[in-house]
Amino acid sequence: MKIGLIREGKIPPDKRVPFTPKQVRKLLDLYPNDLEFKVEPSPIRCFSDDEFVELDIQVDSDLSDCDVLMGIKEVPIDQLIPNKTYIFFSHTIKKQVYNRKLLQAVLKKNIKLIDYEVLKNEKGERTVAFGRWAGIVGAYNGLWTYGKKTGLFDLKRAFECFDRSEMDLELKKVQLPPIKIVVTGTGRVGKGVLEVLHTVGIKQVAPKEFLHQYYDEAVFTVLSSADFNRRKTDGGFDKEEFYADPQKYESHFLKYAEVSDILMAAAYWDSRAPRLFELEDISSEDFNISVIADITCDIHGSVPTTVKASTISDPVYDIDRDSFEILPAFGKQNSISVMAIDNLPTELPRNASEEFGQQLIENLIPELLKPSSKILDKATIAKEGDLTLEFMYLKDYVNEIVE
């Protein structure tokens, strides 16, 4: 099997890669009779072409002889090679309108599309993801934003750090007054946030104490869904019911917004579930949050102030508390500053790629080398010019005409 690592073509470009040069070398040594690799040249990839060449890995712009083509972000339609197997994050499984044309092109070009996002083990758990690194970079950016807004400290941008070690050195500059930071989410992303807050040395407290106690140092709390959602009828909470039928619930997050200075949103959000708060709530004098790091970056989603994604080159915008209009970053003293970058892991691409590649070595490569794989079948969105059974629900989405 010949695997091609494609150059990222989406704009803005992503610096990540599925495998590092050392990981490709490791795979070639592990499977000398089963695997070949070819790397498409890239001027922006976090690992240079020379780093691959130095390990005797072929770098070539012609990938037409590859069986499997692997990237990270969506592949531009004009770069898709017909009749190939592609593996990347397609961002189509939630019927994302902006990628409808991409999925239409995949079907038209007879491409077999496997999506990392739906690679799961027998228990239904995702096996490859960048979530932890989104949490790490998102939390760092949240602190960077607070430092800029208050003038209390000045950090390098995350992407200016060579790797995680340099980022951790930067975090030693963080000097916080006795503020309160509220974190939503306890999954991979939330755990990444915690790594950064613990590195800074911020004390973690329970939600109840967070609400009712005063501290003479900065503290943070982590909220699970049960902490800020309640059943509309009686105020109770049942986890299974909430995930199955979230419309029966309402948010009571505002009590945390009254005592918090920074919100780091790292919880997966179902569009049927209540939002954390409504946009009108930010005009209240009781709404104390001034910095929001929306790591989930669901536009008009769980965090209503996230009205657009920000970018690595322009990471923050402000929302006016009265008019709800977008302002330049830190443009007004009492506005809310929002960091909502939608490709956070690419700010620490070497670390993120290394961990992702290891997940692929453990969970994807063995499946690719099997004569048949149920795991890959379930992660395959399209093949032979049609949607697979698992993704037949996308048929109406695909058939809609794009102007």
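Values in this document were obtained by computation on a predicted structure and should not be read as measured data.

Asks: I'd love a proper account of the nonpolar core, names of residues and values included.
Replies: In terms of nonpolar packing, the biggest core is built from 97 residues, with Leu5, Phe19, Met70, Tyr116, Ile181 and Met264 touching the most fellow members. Per element, the largest residue contribution to this core is nine residues, and it comes from helix H4 (residues 131-150). Counting contributing residues per domain, this core is built from domain 1 (2-128 + 350-399) and domain 2 (130-347), each supplying no fewer than three. Filtering out sequence-adjacent residues up to four positions away, Tyr116 remains in contact with Pro18, Met70, Gly71, Ile72, Ile87, Phe88, Phe89, Arg126, Val128, Phe356 and Leu360. If you look at the next biggest cluster of nonpolar residues, it comprises 27 residues, including Val205, Leu223, Tyr256 and Ile292.

Asks: Go over the UniProt feature "binding site: NAD(+)" (unreviewed entry) in the protein with me, naming the residues and quoting the values.
Replies: The UniProt feature table records "binding site: NAD(+)" (unreviewed entry) at Gly187, Arg188, Asp227, Tyr268, Ile341, Asp342, Asn343 and Leu344. Look at the named residues: they lie 158 residues apart in sequence, and the longest C-alpha span between them is 28.0 Å, so in the fold they stay spread out. As for the annotated residues, the ones lining the second largest pocket are Asp342 and Asn343. Note on placement: Tyr268 falls in the loop between strand S12 (262-265) and strand S13 (291-294).

Asks: Describe the environment of Glu74, naming the residues involved and giving the relevant values.
Replies: The topology assignment puts Glu74 in the loop between strand S4 (68-70) and strand S5 (85-88). Considered as a pair, Glu74 and Ala352 are 278 residues apart in the sequence and their alpha carbons are 18 Å apart. Glu74 has contacts with Lys10, Phe88, Phe89, Ser90, His91, Tyr98, Asn99 and Leu102, leaving out every residue within four places of it along the chain. Of the polar contacts made by the side chain of Glu74, one reaches the side chain of Lys10; its length is 3.0 Å. Within polar-contact distance, the side chain of Glu74 engages the side chain of Asn99 at 2.7 Å.

Asks: Please provide a residue-by-residue account of the side chain of Gln359, values included.
Replies: Mapping Gln359 onto the fold places it in helix H11 (residues 349-363). At 2.9 Å, the side chain of Gln359 forms a polar contact with the backbone nitrogen of Ala129. If near-sequence neighbours (up to four positions away) are discounted, Gln359 is found in contact with Thr127, Val128, Ala129 and Leu364.

Asks: Kindly report on the pattern of salt bridges, identifying the contributing residues and their values.
Replies: Counted by the stated rule, this structure contains 30 salt bridges. Lys148 is the salt-bridge partner of Asp154, the closest N and O atoms lying 3.3 Å from each other. Arg230 is paired through a salt bridge with Glu250; the nearest N and O atoms lie 3.2 Å apart. Of this pair, Arg230 sits in strand S10 (residues 229-231) while Glu250 sits in strand S11 (residues 249-251), and the two are 20 residues apart along the sequence. Classification of Arg230 as partly exposed rests on a relative accessible area of 32%. Judged by its relative accessible area of 31%, Glu250 is partly exposed. Taken together, the shared-partner salt bridges in this structure form one network comprising Lys2, Glu36, Lys38, Asp60 and Asp65.

Asks: Which residues make up the sheet that holds strand S15 (residues 326-328), and what are the values?
Replies: Taken in spatial order, the eight strands of this open sheet run S8-S9-S7-S12-S13-S16-S14-S15, and their pairing is mixed. Each edge of the sheet is formed by a strand with only one pairing partner; in this case those strands are strand S8 (203-204) and S15. Summarising the sheet, S12 and S13 pair through four bridges and their orientation is parallel. When the bridges of S13 are listed, Ala265 appears paired with Asp294. Most of the contacts of H4 go to S13, to which it runs at about 160°, and overall it touches strand S7 (180-184), S12, S13, strand S14 (316-319) and strand S16 (336-339). The sheet strands contacting helix H6 (residues 188-200) are S7, S8, strand S9 (219-223) and S12, and the helix crosses S9 at an angle near 165°.

Asks: Explain H11 residue by residue, including any values.
Replies: Over its 15 residues, H11 runs 20 Å from end to end, which matches the ideal 21 Å to within 8%, given 1.5 Å per residue. Of the positions making up H11, those classed as buried are Pro349, Asn351, Ala352, Ser353, Phe356, Gly357, Gln359, Leu360 and Ile361. Contacts made by the buried residues of H11 are with helix H1 (21-30), S4, H4, helix H5 (164-171) and helix H12 (365-368).

Asks: Please set out the sheet that holds S4 residue by residue, giving values where relevant.
Replies: Ordered in space as S3-S2-S1-S4-S5-S6-S17-S18, the eight strands form an open sheet in which the pairing is mixed. Each edge of the open sheet carries a strand with a single partner, namely strand S3 (58-59) and strand S18 (386-387).

Asks: Account for unusual backbone geometry, with residues named and values stated.
Replies: The general pattern is negative phi for most residues beyond glycine and trans for most peptide bonds. With an omega dihedral of -5°, the bond running from Ile11 to Pro12 counts as a cis peptide bond. Mapped onto the fold, Pro12 is located in the loop between strand S1 (2-5) and H1. Not every positive phi belongs to a glycine, and Lys95 is a case in point at roughly 60°. Among the structural elements, Lys95 can be located in the loop between S5 and helix H3 (100-108).

Asks: I'd love a proper account of the packing of aromatic side chains, names of residues and values included.
Replies: On inspection of all chains with the given rule, the structure shows 16 aromatic pairs. Ring centres 5.0 Å apart and planes at 85° place the aromatic pair Tyr116 and Phe356 in the edge-to-face group. Residue Tyr116 is found in the loop between strand S6 (112-115) and H4, and its partner Phe356 is found in helix H11; the two are separated by 240 residues along the sequence. With a centroid separation of 5.5 Å and 70° between ring planes, the pair formed by Phe237 and Tyr249 is classed as edge-to-face.

Reading the values: the criteria
Residues numbered from 1 in each chain as written. Predicted model: local features only at pLDDT ≥ 70, side-chain atom pairs only at ≥ 80, totals over all residues. Heavy atoms only, no water. Core = buried A, V, L, I, M, F, W, Y, C linked by side-chain atoms within 4.5 Å. Buried < 20%, exposed > 50% of the residue type's maximum accessible area, 1.4 Å probe, protein only. Helix = DSSP H or I, 4+ residues; strand = E, 2+ residues; numbered from the N terminus. Domains from an automatic or database assignment. Contact = heavy atoms within 4.5 Å. UniProt positions renumbered as here; feature names shortened; annotations may be inferred. 1 Å grid on protein atoms, 1.4 Å probe; cavity = no way out; pocket = protein on both sides within 12 Å on 5 of 7 lines; lining within 4 Å. Polar contact = N/O pair within 3.5 Å; in protein donor to acceptor, adjacent residues only side chain to side chain. Salt bridge = Lys/Arg side-chain N within 4 Å of Asp/Glu carboxyl O. Pairing = 2+ DSSP bridges. Axes fitted to C-alpha atoms, helices over the stretch in contact; angles between N-to-C directions. Expected span 1.5 Å × (residues − 1). Phe/Tyr/Trp six-rings, centres within 6.5 Å; stacked < 30°, edge-to-face > 60°.

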